[in-house]
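Below, each chain spelled out in residue letters.
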Amino acid sequence: EDKVVQSPLSLVVHEGDTVTLNCSYEVTNFRSLLWYKQEKKAPTFLFMLTSSGIEKKSGRLSSILDKKELFSILNITATQTGDSAVYLCAVEKASGTYKYIFGTGTRLKVLA
Amino acid sequence: SQTIHQWPATLVQPVGSPLSLECTVEGTSNPNLYWYRQAAGRGLQLLFYSVGIGQISSEVPQNLSASRPQDRQFILSSKKLLLSDSGFYLCAWRAGGAQYFGPGTRLLVL
């Protein structure tokens, strides 16, 4: 059965800290891995990763994929209170159906 | 640019009442469309997806149904709501390999 597992489930840090969020997967016919940020509304797209070892970066956020070990990490440096959210990881299957398998998310709280 | 609309934003319905949620996409043609449900504090559950007009695939057996009457319109329906149907309903579309979400509808069934 396909699955995507995120860790930790929740995390509390102080502003300025660096955090690393983990996403491991067991999915047949992998196509890509995606990261989303969800505050009290719909998820917003952060990154899509398809190749191992190539870092995607946007401001203080960065992510990398390891297709051999079947995991990805999302790093956030110099955290701010606005980074508080649930971070979701999803894997798209390389089938004709374009289905996505989501993890349950990591809840991050950044304290001022 | 492409945008996705959902309405209503919030809905309170009694048990046993019908449901119709609508999703429309602008700025693209023949998109892959998806309906997800997110229960409070839980992950995203894929309910239905569609690769074209009239083509619906169901992921989870339940009392919900979906229809795609037009290329850029995706509708989620129920004849009789259950308490367990409460949740955050999200419509999404696929573009460039990534998936983008509409603003969602919060449904509370009482």
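Whatever comes next refers back to the structure up there.
Residue positions within a chain follow its written sequence, with the count starting from 1. Think of it this way: whatever chain is written first is A, whatever ligand is written first is 1, and the rest follow in order. In keeping with the predicted nature of the model, local features appear solely for residues at pLDDT of at least 70, side-chain atom pairs appear and are counted solely at 80 or more, and the whole-chain, interface and lining totals rest on all residues. Heavy atoms from the whole structure form the basis of all side-chain values; hydrogens and water molecules are not counted.

A. Seen up close, the interface of chain A and chain B. We call two residues in contact when some of their heavy atoms are within 4.5 Å. Each side of the interface is counted separately: chain A has 20 residues, and chain B has 21 residues. Computed with a 1.4 Å rolling probe, the buried area is the accessible surface lost when two parts are put together, summed over both parts. With both sides pooled, the region where chain A packs onto chain B buries about 1,600 Å², and carbon together with sulfur makes up 57% of that total. In what follows, salt bridge is the name for a side-chain nitrogen of Lys or Arg lying within 4 Å of a carboxyl oxygen of Asp or Glu. Residue B:Arg94 pairs with A:Glu92 through a salt bridge whose shortest N-O separation is 2.6 Å. Two N or O atoms count as a polar contact when they lie within 3.5 Å, although within protein this holds only if one can serve as hydrogen donor and the other as acceptor, and sequence-adjacent residues are included solely when both atoms are side-chain atoms. In this assembly, chain A and chain B are joined by eight residue pairs in polar contact (both at pLDDT 80 or more). Per-element accounting of the side of chain A that touches chain B gives the leading share, five residues, to strand S4 (residues 30-38) of chain A. A run of H or I in DSSP counts as a helix once it spans at least four residues, and a run of E counts as a strand once it spans at least two, with each numbered from the N terminus.

B. Local environment of the sheet that holds strand S7 (residues 64-70) of chain B. Residue and element names in this part refer to chain B. Here, any two strands with at least 2 DSSP bridges between them count as paired. Taken in spatial order, the four strands of this open sheet run S1-S3-S8-S7, and their pairing is antiparallel. Looking at the sheet topology across the chains shown, the edges are occupied by strand S1 (3-7) and S7. The average angle at which neighbouring strand axes cross in this sheet is 20 degrees, direction not considered. The axes are straight lines fitted to the C-alpha atoms, using for helices just the contacting stretch, and the angles between their N-to-C directions are given from 0 to 180°.

C. The arrangement of the state of the cysteines in detail. Put simply, a disulfide is two cysteine sulfurs that come within 2.5 Å. Within this structure, the stated rule accounts for two disulfides over all chains. Between the sulfur of A:Cys23 and that of A:Cys89 lies a disulfide, 1.9 Å long from S to S. Across the S-S bond linking A:Cys23 and A:Cys89, the dihedral sits near -65 degrees, which makes this disulfide left-handed. Of the two residues, A:Cys23 is situated in strand S3 (residues 19-26) and A:Cys89 in strand S9 (residues 85-93); the sequence distance between them amounts to 66 residues. The pair formed by A:Cys23 and A:Cys89 is uniform in burial state, with each residue classed as buried. Linked covalently through their sulfurs, B:Cys23 and B:Cys91 form a disulfide whose S-S length is 2.0 Å. Disulfide B:Cys23-B:Cys91: torsion about the S-S bond near -70 degrees, hence left-handed. Linking B:Cys23 in strand S3 (residues 19-26) with B:Cys91 in strand S9 (residues 87-95), this pair joins segments that are 68 residues apart in sequence. Only protein chains enter the area calculation, which uses a 1.4 Å probe; residues under 20% of their type maximum are buried, those over 50% are exposed, and those in between are partly exposed.

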